[in-house]
Amino acid sequence: MTIDKTAVAGTLESSDSMVTVEPSDAGIQLELTSSVMNQYGRQIKAVVLDTLKRLDVTNARVSVIDQGALDCTIKARVECAVFRSCSKSETNIPWGGMIK
Amino acid sequence: MIPRPRPERFRLRRTMMFMNAQKPGLIKDAYIYGCDSIMLDLEDAVAENQKDSARFSLYHAMKTIDYGDTEVIVRINGLDTPHWQEDIRVCVACGADGIRIAKCESADDVRTVDSAVLHAEREFGVEEGRTLLMAALESPKGILNAYEICMASDRMFGVAISGGDLRKSLQTKFQTDGIDLVASRGLVVLAARAAGIQCFDTVYTDLDNDEGFMAELKQNKAMGFDGKSLINPKQIRPVHEIFAPTEKEIKQAEKIIKAYKEQSAAGIGVFTVDGKMIDIAFIPGAQRTLELAKACGLYDGGLV
C-alpha cells in the first residue's frame, strides 16, 4: 500500500498506542517512544515493522507513541493509520486476508 | 489466533456488560469480571470518526485474547447509518458469538441483518448460522413489534430493552418504582416468552444508588427477565445474587420433580407437595429453577 497522506490512529490513553504515518520516498523511518521502552522496545518495533511489511508498505515515516499497548492493539493502530492514509479504512476491509 | 466454540443459542445470560470496542484498556482483559456476556460496542460509545478504528481494534482483540466462557456479543451501528454493513463483516470475520442490532423496529430489520450476516459467513468461510443475533428495542414501535422481531430469524436468542431512547419517546423519565417502563417491560417479556427466546432489561445508570439498583433487579426477576445489560463491573455480583434461585426455591423444585416422578410412575397426575397442589404444569418451572441453580453453582444433583 502507498501512503497517500498523513494519517493518525489510536490515542495517548493507557494501554493504547498513537500511530502516525506520513508519505515518504526513503523507505521506512520509524520513530518510537514508549512508556515501556526498556522492557518491550524491541518487541514493539518488530510488531510495527512486521505489520507494515504485511500491508506491503515500503515507504513511510512512522511515529509511534506507545502507552503500554498489547501487540494486538499496536497492529490494529498501524493498520488503521495505513488504511486511513489511503482513504480505505471505512469499507471492504480484507479481514482475514491482509488483516490478520 | 483464538478459535471460539460454536455459540450456544440458549445459555445463561444474567449479565451483559457494555464496553467500548475502541478502548484497548477495557477490552484486553474483560473476561476477568465474570459476567456471562460482554457487549463490545461499535455504536454509541464510539465517536463517529473512530468507527473504522474500533473495527480494527475489535478484530485483533478477538483474534488474540482468549475470552474463554465469557460470551462475546458486538453491538453494531443502526441500519440508518453508513456503518452497519462493515460492522457485520468484521463481527463475522473475527468470530464474535453474536450481534446486537441497535434500534431494531421490525422483523424486516432483523431479516436485513440476518441476510448480511449469512453473506458475510459465506465470504469468510464461517459455518452458516453460527453467528447469533439479538435485538435492542429502543422505540415504541420496536416494543410493539417485539413478537415479530423475536420470531424473525432462527439466529435470534433474545431481545433487550434500551431505556434511554425509549423513555424519551414515551415522554417519561426514570422512576424508582419502574412505572415509566412497566408496559414496555411487560410486552417484551410476553413477546420473548411467546417466541421461546430470552429477554434482558435496560441498564441502570445511577451507579451510586445501590438500593435503587437492587429494587430494580428484584422487579426484573419478578417480571421474568433472564438478565440485565450493565455498564460497570460492580453491577455484576448483585445481578448474579438476585437472579440465582434461593435455597428454598431449589429444595422445593427438587421435591416437586422427585414427587412428580414417583407419582406419575404410580399413575397419579395431581398430588400435593408441602400442602400445595402440583401437576404437570409445575414441572417446567421446577426444572428451570434447578437448571439455573446448576448454572449458578448452587446445585449439583442429578435431576437436571
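Residues numbered from 1 in each chain as written. Chains lettered and ligands numbered in written order. Predicted model: local features only at pLDDT ≥ 70, side-chain atom pairs only at ≥ 80, totals over all residues.

J.: Account for the overall build of chain A, with residues named and values stated.
T.: Along chain A, the regular secondary structure elements total 2 helices and 4 strands. Along chain A, helices and strands appear, N-terminal first, in the series β-β-β-α-β-α. For 100 residues, the compact-globule estimate of 2.2 N^0.38 gives 13 Å, and the C-alpha radius of gyration of chain A, at 12 Å, lies within 12% of that figure. Looking at the 100 residues of chain A, the share that counts as buried comes to 39%. Considering only contacts within chain A whose residues lie at least 6 apart along the sequence, 72% involve residues at least 24 apart. (Helix = DSSP H or I, 4+ residues; strand = E, 2+ residues; numbered from the N terminus. Rg over C-alpha atoms; globule rule 2.2 N^0.38 Å. Buried ≥ 20, exposed ≤ 12 C-beta atoms within 10 Å, placed from the backbone. Contact = placed C-beta atoms within 7 Å.)

J.: Tell me about the nonpolar core, and please be specific about residues and values.
T.: Counting 97 residues, the largest nonpolar core has Leu58(B), Ile99(B) and Val159(B) as the members making the most contacts within it. Sort the elements by how many residues they give to this core and helix H2 (residues 71-85) of chain A lands first, with 8 residues. Those residues within four positions of Ile99(B) in sequence are excluded, and the remaining contacts are Ile73(B), Val74(B), Ile76(B), Ile88(B), Cys91(B), Val113(B), Val117(B), Thr131(B) and Leu133(B). Core analysis: the second largest hydrophobic core is formed by 11 residues, Ile250(B), Ile256(B), Tyr260(B) and Ala293(B) among them. (Core = buried A, V, L, I, M, F, W, Y, C linked by C-beta atoms within 7 Å.)

J.: Kindly report on H2(A), identifying the contributing residues and their values.
T.: The periodicity of an α-helix, 3.6 residues per turn, causes residues three or four places apart in sequence to face the same way. Residue and element names in this part refer to chain A. With 15 residues, H2 should cover 21 Å at 1.5 Å per step; its first-to-last C-alpha distance of 21 Å lies within 8% of that length. Burial analysis of H2 places 14 of its 15 residues in the buried class, which makes it a mostly covered element. Note on H2: the residue one or two positions beyond its end, Ser87, has a positive phi of about 55°. (Expected span 1.5 Å × (residues − 1).)

J.: Requested: an account of the domain arrangement of chain B, with residues and values cited.
T.: Bring the parts together and some accessible area is lost; that lost area is often taken as the interface size. Split by domain assignment, chain B resolves into domain 1 (15-243) and domain 2 (247-295). Using only C-alpha atoms to locate each centre, domain 1 of chain B and domain 2 of chain B end up separated by 34 Å. (Domains from an automatic or database assignment.)

J.: Tell me what's going on with the packing of H2(A) against helix H2 (residues 51-64) of chain B, and back it up with residues and numbers.
T.: One way to put it is that H2(A) packs onto H2(B) with a least axis distance of 8 Å and a crossing angle of 145°. Crossing geometry of H2(A) relative to H2(B) is assigned as right-handed. In contact with Cys72(A), Thr73(A), Lys75(A), Ala76(A), Glu79(A), Cys80(A) and Arg84(A) of H2(A), H2(B) contributes Asp52(B), Ser53(B), Phe56(B), Ser57(B), Tyr59(B), His60(B), Ala61(B) and Thr64(B). Class assignment of the residues belonging to the contact of H2(A) with H2(B) gives a composition of 6 nonpolar, 5 polar and 4 charged. (Axes fitted to C-alpha atoms, helices over the stretch in contact; angles between N-to-C directions. Left-handed = near helix turned anticlockwise from the far one by under 90°. Nonpolar A, V, L, I, M, F, W, Y, C, P; charged D, E, K, R; others polar.)

J.: Give a detailed account of the pairing of strand S3 (residues 71-76) of chain B, specifying residues and quantitative values.
T.: Residue and element names in this part refer to chain B. Taking burial as the measure, the 6 residues of S3 include 6 buried ones, the bulk of the element. Here S3 shows two buried faces, one formed by Glu71, Ile73 and Arg75 and the other by Val72, Val74 and Ile76. Where strand S2 (residues 37-41) and S3 come together, 5 bridges link them in parallel fashion. For Met39, the partnering residue across the bridge sits in S3 and is Ile73. Note on the crossover from S2 through H2 to S3: the handedness is right-handed. Taken together, the 4 bridges between S3 and strand S4 (residues 98-101) define a ladder with parallel strand orientation. (Pairing = 2+ DSSP bridges. Right-handed = clockwise from strand over helix to strand, strands pointing away.)

J.: I'd like a description of the sheet that holds strand S4 (residues 60-66) of chain A, backed by residues and values.
T.: All names here are of chain A. Read from one edge of the open sheet, 4 strands run S1-S2-S4-S3, paired in mixed fashion. Two strands lie at the open edges of the sheet, namely strand S1 (7-9) and strand S3 (28-34), each paired on one side alone. Ignoring which end each strand starts from, the neighbouring axes of this sheet average 10° apart. Note that strand S2 (residues 17-22) and S4 share 6 bridges and pair antiparallel. Pairing of Glu22 across the sheet is with Arg61, part of S4.

J.: Provide a residue-level description of the environment of Leu187(B), including the pertinent values.
T.: Residues and elements named next belong to chain B. If you trace the backbone, Leu187 turns up in helix H8 (residues 182-195). Of the residues examined, Leu187 has 17 C-beta atoms within 10 Å and is grouped as partly exposed. Residues Leu187 and Leu144, 43 residues apart in the sequence, show an inter-C-alpha distance of 7.4 Å. If we ignore the near neighbours within four places in the chain, the residues touching Leu187 are Ile143 and Ala146.

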